[in-house]
Amino acid sequence: MNNKTFFSDTLFMEVNYEALAGGGGTREDGEKLKAHCPAIFPDGLSGPIRDEHRFFNLTAPLHEGERSVLYHRLDRAFFSFSPDWGEIRIGRQAVTWGHGFTFNPMDLFNPFAPTDLERDYKTGDDLVLVHFPVKRAGVDLIYAAHRDPDTDKAGMDQSSLGVKLHTNIGRLDTDVMVARHYKDIVTGIGTAGNLADAAFRLDLIGTVLDQKSRGRGYYISGVANLDYSWVWLDRNWYGYIELYYNGLSDNDYADQLLDPAVSDRLDRGELFALGRWYASANVNLEIHPLVNAYITPIINLHDGSGILLPRVVYDFSDNIRISLTLLLNWGAAGTEYGGFVIPDTGFTTAPADTVSAWITWFF
């Protein structure tokens, strides 16, 4: 349930409440893993969205059993004030930086996973955002407050402080970012423009690590994509291709899980890939004005494993939308998506093939 209350033309409050329930065999098996190896599976395989990293814990379980879980939470709770010179937002909210479609390494604040195809709603974080224009540019100042989940302490070593400048250079939209993210220094530059009838985007991100990762004190990541829409066979089509580079990886998946630079980012929900090079694409066909079909492959270019995500979206009525999605993995043993052995456990980690259905009701 989403509520927005306007106190004046310049001040409003937004509060979003959600209640969630889940369960089944996956949760039951995850609870057994958590009991057997709590250090590796502290949250099992499924459970409530965690607020341990956030400054405020706005998630409360109503029921947690071996096969089921029920909980509720506030995912938006912020005030927005718009003086003459800009805007100030304080509280739990969502912010997105960067130009990536499948992968978005410039987005430091709860980025979408590559397999998240329903992106109408992004999980919020506790932060202060200040936006104001400067001549022909726009400036974002952000402070995201976090806590250490082990000690419950808050401070700059657990938080993020950043600034992003958005401007136009010729015909290119350009972003420049500098941030202190936990104990690391992150810089980035991104640009977007047109190439003939297509649009392109490019982000490059450099991270100086507080502690060396496998002998390296910094790494570079980047994403580049190109998208285009066209008409063929009297149907509307849209597609994009994207290339992603993860400079934190050396393609040794099992060894990387023991590296805090990798495991911390996986735990915080900032990193979703253990390989170095990835290619992804998306093709959208409008079968009918009310029916759209999508297919999205994601390929690890090092080991050849990957994911295929076909999806159909049906606008059933003016206010009801139905989506059906498959997630299919492929790859040999020892590959990222085919599955590899977790060090010192004997367990093999591999993503599961899934099918999911969404019914969205607008009212």
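Nothing here was measured: the structure is a model prediction, and the numbers come from that model.

1. Focus on the overall build of the protein chain
Each helix and strand in the protein chain was counted, giving 3 helices and 20 strands. Over its C-alpha trace the protein chain gives a radius of gyration of 21 Å, about what one expects of a compact globule, namely 21 Å for 363 residues. Reported as C-alpha extents along the three principal axes, the dimensions of the protein chain are approximately 60 × 60 × 50 Å. Within the protein chain, the proportion of its 363 residues that are buried is 39%. For the protein chain, the proportion of contacts with a sequence separation of at least 24, taken over those separated by at least 6, is 50%. Accessible surface, the protein chain as shown: approximately 19600 Å² in total, 60% of it carbon and sulfur. Looking at the protein chain, you have 31 positive and 48 negative side-chain charges, and the mean spots of the two groups are 3 Å apart.

2. Details of the environment of leucine 226
Along the chain, leucine 226 falls in strand β12 (residues 216-232). A sequence separation of 32 residues divides leucine 226 from asparagine 194, and the C-alpha atoms of the two residues are 9.2 Å apart. Residue contacts for leucine 226: discarding those within four places in its chain leaves Leu195, Ala198, Ala199, Phe200, Gly239, Tyr240 and Ile241.

3. Brief notes about the nonpolar core
Of all hydrophobic cores here, the largest spans 19 residues; its most connected members are Phe103, Tyr244, Leu248, Tyr278, Ile298 and Ile307. Within the residue set of this core, elements represented by two or more residues are β12, α3 (260-268) and β16 (306-315). For isoleucine 298, the residues in contact, after removing those within four places along its chain, are Thr102, Phe103, Pro114, Tyr278, Ala279, Ser280, Ser305, Gly306, Ile307, Leu309, Trp330 and Tyr337. Counting 13 residues, the second-largest nonpolar core is a separate cluster that includes Phe109, Leu127, Ile142 and Met177.

4. What about unusual backbone geometry?
With a phi angle near 55°, lysine 135 is a residue other than glycine that sits in the positive phi range. Relative to the assigned elements, lysine 135 resides in the loop between β6 (125-134) and β7 (137-144).

5. Quick notes on a nonpolar patch on the surface
On the surface, a cluster of nonpolar side chains totalling about 770 Å² of accessible area is made up of Leu165, Val176, Ile185, Ile189, Leu202, Leu204, Val208, Tyr218 and Ile220. Secondary structure elements with two or more residues in the nonpolar patch: β10 (184-195), β11 (198-213) and β12. Ranked by residues supplied to the nonpolar patch, first place goes to β11 with 3 residues. When you line up the elements, leucine 204 lands in strand β11.

6. Quick look at the packing of aromatic side chains
Scanning the entire structure with this criterion turns up 16 aromatic pairs. Centre to centre, the rings of phenylalanine 6 and phenylalanine 12 are 5.4 Å apart; their planes meet at 40°, and the pair counts as tilted. Ring geometry for phenylalanine 103 against tyrosine 244: centres 4.4 Å apart, planes inclined by 10°, an arrangement best described as stacked. Here phenylalanine 103 is found in the loop between β5 (87-93) and β6, whereas its partner tyrosine 244 is found in strand β13 (residues 235-246), with 141 residues between them in sequence. Judged by its relative accessible area of 5%, phenylalanine 103 falls in the buried class. We classify tyrosine 244 as buried; its relative accessible area is 6%. Members of the aromatic cluster, joined through ring pairs, are Tyr228, Trp230, Trp232 and Trp237. In this structure, arginine 268 packs its charged tip against the face of tyrosine 182, placed 3.8 Å from the ring centre.

7. Some points on the pairing of strand β17 (residues 320-330)
As judged from the 8 bridges shared by β16 and β17, these two strands associate in the antiparallel manner. Bridging across to β17, aspartate 315 finds its partner in arginine 321. Taking the residues that link successive antiparallel strands as the turn, the β16-β17 hairpin has 4 residues. Here β17 runs beside strand β20 (residues 354-361); their pairing, made up of 8 bridges, is antiparallel. Each bridged residue has a counterpart across the sheet, and for threonine 325 the counterpart in β20 is serine 356.

8. A short note on helix α1 (residues 25-36)
Look at α1: 17 Å from first C-alpha to last across 12 residues, which is about the 16 Å you get at 1.5 Å a residue. Every buried residue of α1 is listed here: Arg27, Glu28, Gly30, Glu31 and Leu33. Contacts made by the buried residues of α1 are with β2 (11-23), β3 (59-64) and β4 (68-81).

What counts, and where the lines are drawn
- Residues numbered from 1 in each chain as written.
- Predicted model: local features only at pLDDT ≥ 70, side-chain atom pairs only at ≥ 80, totals over all residues.
- Heavy atoms only, no water.
- Helix = DSSP H or I, 4+ residues; strand = E, 2+ residues; numbered from the N terminus.
- Rg over C-alpha atoms; globule rule 2.2 N^0.38 Å.
- Buried < 20%, exposed > 50% of the residue type's maximum accessible area, 1.4 Å probe, protein only.
- Contact = heavy atoms within 4.5 Å.
- Areas by Shrake-Rupley, 256 points an atom, 1.4 Å probe, with all protein chains shown as cover.
- Lys, Arg positive; Asp, Glu negative; His and termini not counted.
- Charge placed at Lys NZ, Arg CZ, Asp CG, Glu CD.
- Core = buried A, V, L, I, M, F, W, Y, C linked by side-chain atoms within 4.5 Å.
- Patch = residues over 30% accessible without salt bridge, like charges linked within 9 Å, V, L, I, M, F, W, Y side chains within 5 Å.
- Salt bridge = Lys/Arg side-chain N within 4 Å of Asp/Glu carboxyl O.
- Phe/Tyr/Trp six-rings, centres within 6.5 Å; stacked < 30°, edge-to-face > 60°.
- Lys NZ or Arg CZ within 6 Å of the ring centre and 35° of its normal.
- Pairing = 2+ DSSP bridges.
- Expected span 1.5 Å × (residues − 1).

In short, shape yes, function no, at least from these values alone.
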